[in-house]
Amino acid sequence: MVRFVRSLTAVAAVLVFLVSAAAAAEPRVLIEGSGDSQELLRGLAQAFSTAHPELVVEVGESIGSTGGVRAVAGGRSELGRVSRPLNDKERYLGLEYQVFAWSPVVFAANLPGGCLDNLASEQILGLYSGAISNWKELGPCPDQKIYLAVREEGDSSRRVLEQELSGFQEIDTPAGKVIYSTPQTVEILETVPFTLAYVPLAALGGSKLVVFRLDSVAADAAAVLRGDYPAVTPFALVWKKPLSATARMFLDFVGSPAGEKIIRDFGVVPASADLPK
């Protein structure tokens, strides 16, 4: 009887070991970094996992582009997501860098329907300089205070606006509350009425927020490809060689027709498209 119990115990131990080993060997890729491309990459990862249910691609919560670079350089993540070019210091880390999409940076707001759908550059400067503080000053909108959400200095979207929107960079201290991640900015927009902020279009997903035209130009793929909407940020992935088979398959999927369809469905331009110089 004792020998039988010992045999059962040994078999159980072997089964536990095999299960643990199988779990440890599960092909899994972690992608950490920017919140700008977080929802888009989650959409891509979900479609990839549907096609390859035995493989796992996990897109973590936002830790910023710099956090994504550090996660890959430090070996914590196999892929990092960034929404800007690498800086000089990061180029010496031996990372591969590949843009997979281009997203318009848009101004969006939580507004009642029929209020306003276009902002002129001069109005944006007035908003962020503090000269405009009530929605009724912008158009046929309610007499309501404008709650502004702004991003910290060095943020990817803010950097794009400083480069492409004349006069934006000259505003030393923009009016509004500083928010430190794109997902949090979107959450504030969706939950606080009469709030306005700027975010990459891809981060909005199926949101019902008002996305403004800028100087009467809609922030769509066609306008980006024509060069009519210049406020655009890159979505890229970084990694260290060699890549695992799962990570390489995922990169190939992102650039495939199926992956590019998902990218376009988010209102974003695939990297294979030629942008105006």
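Summary of the structure given here. (Residues numbered from 1 in each chain as written. Predicted model: local features only at pLDDT ≥ 70, side-chain atom pairs only at ≥ 80, totals over all residues. Heavy atoms only, no water.)

With respect to burial, strand 1 (residues 28-33) is a largely interior element, 5 of its 6 residues being buried. Pairing of strand 1 with strand 2 (residues 56-62) involves 5 bridges; the strand directions are parallel. Opposite Ile-31, over in strand 2, you have Val-59 as the bridge partner. Following the backbone out of strand 1, through helix 2 (residues 38-51) and into the adjacent parallel strand 2, one traces a crossover that is right-handed. Note: strand 1 against strand 3 (residues 79-82), 3 bridges, orientation parallel. Directly across from Glu-32, in strand 3, lies its bridge partner Gly-80. (Buried < 20%, exposed > 50% of the residue type's maximum accessible area, 1.4 Å probe, protein only. Helix = DSSP H or I, 4+ residues; strand = E, 2+ residues; numbered from the N terminus. Pairing = 2+ DSSP bridges. Right-handed = clockwise from strand over helix to strand, strands pointing away.)

Turning our attention to the side chain of Arg-151. Here Arg-151 shows up in strand 6 (residues 147-151). Since its relative accessible area comes to 5%, Arg-151 is described here as buried. A polar contact is formed between the side chain of Arg-151 and the side chain of Glu-152, at a distance of 3.3 Å. Of the polar contacts made by the side chain of Arg-151, one reaches the side chain of Thr-182; its length is 3.0 Å. Excluding anything up to four places from it in sequence, Arg-151 contacts Arg-158, Val-178, Ile-179, Tyr-180, Ser-181, Thr-182, Thr-185 and Tyr-198. (Polar contact = N/O pair within 3.5 Å; in protein donor to acceptor, adjacent residues only side chain to side chain. Contact = heavy atoms within 4.5 Å.)

What follows is about the nonpolar core. Ranked by size, the top nonpolar core spans 47 residues in total, and within it Phe-107, Leu-119, Tyr-128, Trp-135, Leu-196 and Phe-212 carry the most contacts. At the level of secondary structure, the elements contributing two or more residues to this core comprise strand 4 (96-109), helix 5 (121-129), strand 6, helix 6 (156-164), helix 7 (182-191), strand 8 (195-200) and helix 8 (221-226). If one sorts the elements of this core by residue count, strand 4 sits on top with 5 residues. For Tyr-128, the residues in contact, after removing those within four places along its chain, are Phe-107, Leu-148, Ala-149, Val-150, Phe-168, Ile-171, Thr-173, Pro-174, Ala-175, Leu-196, Ala-197 and Tyr-198. If you look at the next biggest cluster of nonpolar residues, it comprises 26 residues, including Ile-31, Phe-48, Leu-243 and Ile-263. (Core = buried A, V, L, I, M, F, W, Y, C linked by side-chain atoms within 4.5 Å.)

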